[in-house]
Amino acid sequence: MFRFLRRRIYTSLIPLFVVLLGVFFLARLTGDPTSLYLPESATAAQREAFRATNGFDQPVLTQLMDYFKGVVQLDFGQSLRTGEDAAAMALRAFPATLQLAFATMFLAILGAVIIGCWAAYRPNSLADRISSLLSMTAASIPDFWFAIMGVYVFAILFGWLPTSGVDSGMLSWVLPIATLLIRPLGVLTQVVRGAMVSALSAPYVRLARSKGAGDLRVVTHHALRNAAAPALTVAGDLMVGLVNGAVVVEAIFGWPGIGKLMIDAILQRDFAVLQAAVLLTAVSIFILNIVIDACYALLDARVRDKVKV
């Protein structure tokens, strides 16, 4: 297992380097921050002084080398907008994104297991067809459309929920979680249903029934355990997508997470904050992938055997 984890870490270094390189150049394509942070009346000397202070007067290759030196030392510089340490700003915003992502995934897994097992227990029944239709519809709805409609219906039309922010306590969580939840719930329900249909028709399940095992025990102790491996793989991919794709949802609902921080940094050409936020997100995604692969290896003996080889 340790050999497997070490190999996964090494293979993650190349894409991490590509991400760091990409964010450096893409950030600079947004334009010169000088024109954004200095007034139009600023003189040429003031503009040159601003560029020199922030290192924008250096050749791109020099800026790139300084950037990688800072990454190695975990020093991303200061925010152009606030003057705060960029890494500290990213670390402060990241827990809000993780809370949103983990709460969403917990509810998605719980709902998918309940609905998927229920549908698989009576395949091709009316309940199975209805749940399949609803889950496929949920998996097809774009997050941003559901977010906009949710704000219009539940916040503006009925006034039940806040439009944005986190000042309303638990009510502030409802729309962001519902928006992020709908697609993972639909996808996972289909996966759990398909895996459970196969598991419930397996010989070991028929053997358990012949020994007098009840329906609940057959589903929870026999079939569900073997159906967990494919569901875990999909859940891991969806979890990575939640961490990486919460940018739009956080921007719409004003959620103070890493996604909103990225959007603000892009709009304000705050290179240091954007670079720190992207690196933190990329590292967290690589760690999640490694954890998911390790869990999959623990659940599936065939994967463990490949790891040992």
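This section reports on the structure supplied with the text. It should be emphasised that the depicted structure is a prediction, and the values quoted were computed from it without experimental measurement.

Before going further, it helps to spend a moment on the nonpolar core. In globular proteins that are soluble, nonpolar side chains generally tend to be buried together. If you look at the biggest cluster of nonpolar residues, it comprises 74 residues, and the most contacted ones within it are Tyr-67, Met-105, Met-196, Ile-258 and Leu-261. Not counting the four nearest positions on each side in its chain, Tyr-67 is found in contact with Leu-20, Val-23, Phe-24 and Gln-275.

The next thing to look at is the packing of helix H7 (residues 143-157) against helix H8 (residues 171-200). Where H7 contacts H8, the axes come no closer than 9 Å and their chain directions differ by 145°. Once H7 is placed against H8, the crossing between them reads as right-handed. Between H7, through Asp-143, Phe-146, Ala-147, Gly-150, Val-151 and Phe-154, and H8, the contact on the second element is made entirely by Leu-175, Ala-178, Thr-179, Ile-182 and Arg-183. Taken together, the residues of the contact of H7 with H8 break down into 7 nonpolar, 2 polar and 2 charged.

Tracing the backbone through its elements, the reader meets Thr-189 in helix H8. With near-sequence residues (within four places) excluded, Thr-189 lies in contact with Ala-112, Ile-115, Gly-116 and Ser-135.

Turning to the packing of aromatic side chains, a few remarks are in order. Each pair of aromatic rings is reported with the distance of its centres and the angle of its planes. For the structure on display, the rule yields 9 aromatic pairs. Arranged with centres 5.4 Å apart and planes meeting at 50°, the rings of Tyr-67 and Phe-68 form a pair that is tilted. For the pair Tyr-67 and Phe-68, one class covers both residues: buried. With a centroid separation of 4.9 Å and 80° between ring planes, the pair formed by Trp-173 and Trp-255 is classed as edge-to-face. Of this pair, Trp-173 sits in helix H8 while Trp-255 sits in the loop between helix H11 (247-253) and helix H12 (258-267), and the two are 82 residues apart along the sequence. Relative accessible area serves as the criterion here: at 21%, Trp-173 is assigned to the partly exposed category. Ring pairs connect the aromatic residues Phe-17, Phe-24, Phe-25, Tyr-67 and Phe-68, which therefore count as one cluster.

Time to look at the side chain of Ser-135. Tracing the backbone shows Ser-135 in helix H6 (residues 126-140). Owing to a relative accessible area of 5%, Ser-135 belongs among the buried residues under this scheme. When residues no more than four places from it in sequence are discounted, the contact partners of Ser-135 are Gly-186, Thr-189 and Gln-190.

The subject of this paragraph is the packing of helix H5 (residues 86-121) against H8. At a minimum axis distance of 6 Å, the contact between H5 and H8 shows a crossing angle of 35°. Seen from above, H5 lies across H8 with right-handed handedness. Its residues placed into classes, the contact of H5 with H8 shows 25 nonpolar, 5 polar and 1 charged.

Its location among the elements puts Leu-267 in helix H12. Taking the relative accessible area as the measure of exposure, Leu-267 reaches 62% and is therefore exposed.

A word on a nonpolar patch on the surface. A grouping of Phe-144, Trp-145, Ile-148, Met-149, Tyr-152, Phe-154, Ile-156, Leu-157, Phe-158, Trp-160 and Val-248 is seen on the molecular surface, where their side chains present a nonpolar patch of about 1,200 Å² in accessible area. It is H7 that provides the largest number of residues to the nonpolar patch, a total of 8 residues. Tracing the backbone shows Phe-158 in the loop between H7 and H8.

On to the pattern of salt bridges, then. Taken as a whole, this structure holds 3 salt bridges when the rule is applied. The residue Glu-48 makes a salt bridge to Arg-51 at a minimum N-O spacing of 3.3 Å. Of this pair, Glu-48 and Arg-51 both sit in helix H3 (residues 44-54), separated by 3 residues, roughly a single helical turn. Classification of Glu-48 by relative accessible area gives partly exposed; the value is 44%. Here Asp-264 ties to Lys-260 by a salt bridge, and the two come within 3.1 Å at their closest N and O atoms. Remark: Lys-260 and Asp-264 occur in helix H12; sequence separation between them is 4 residues, near one turn of the helix.

Of note, the phi angle at Leu-74 is positive, near 55°, even though the residue is not glycine. Relative to the helices and strands, Leu-74 is located in the loop between helix H4 (60-72) and H5. Using a relative accessible area of 63% as the deciding quantity, one classes Leu-74 as exposed. Although it is not a glycine, Arg-269 sits at a positive phi angle of roughly 50°.

With respect to the helices, strands and loops of the structure, Val-197 is situated in helix H8. Judged by relative accessible area, Val-197 falls into the partly exposed class, the value being 27%. Note: C-alpha distance between Val-197 and Ala-120 (77 residues apart in sequence) is 5.1 Å.

What counts, and at which threshold
Residues numbered from 1 in each chain as written. Predicted model: local features only at pLDDT ≥ 70, side-chain atom pairs only at ≥ 80, totals over all residues. Heavy atoms only, no water. Core = buried A, V, L, I, M, F, W, Y, C linked by side-chain atoms within 4.5 Å. Buried < 20%, exposed > 50% of the residue type's maximum accessible area, 1.4 Å probe, protein only. Contact = heavy atoms within 4.5 Å. Axes fitted to C-alpha atoms, helices over the stretch in contact; angles between N-to-C directions. Helix = DSSP H or I, 4+ residues; strand = E, 2+ residues; numbered from the N terminus. Left-handed = near helix turned anticlockwise from the far one by under 90°. Nonpolar A, V, L, I, M, F, W, Y, C, P; charged D, E, K, R; others polar. Phe/Tyr/Trp six-rings, centres within 6.5 Å; stacked < 30°, edge-to-face > 60°. Patch = residues over 30% accessible without salt bridge, like charges linked within 9 Å, V, L, I, M, F, W, Y side chains within 5 Å. Areas by Shrake-Rupley, 256 points an atom, 1.4 Å probe, with all protein chains shown as cover. Salt bridge = Lys/Arg side-chain N within 4 Å of Asp/Glu carboxyl O.

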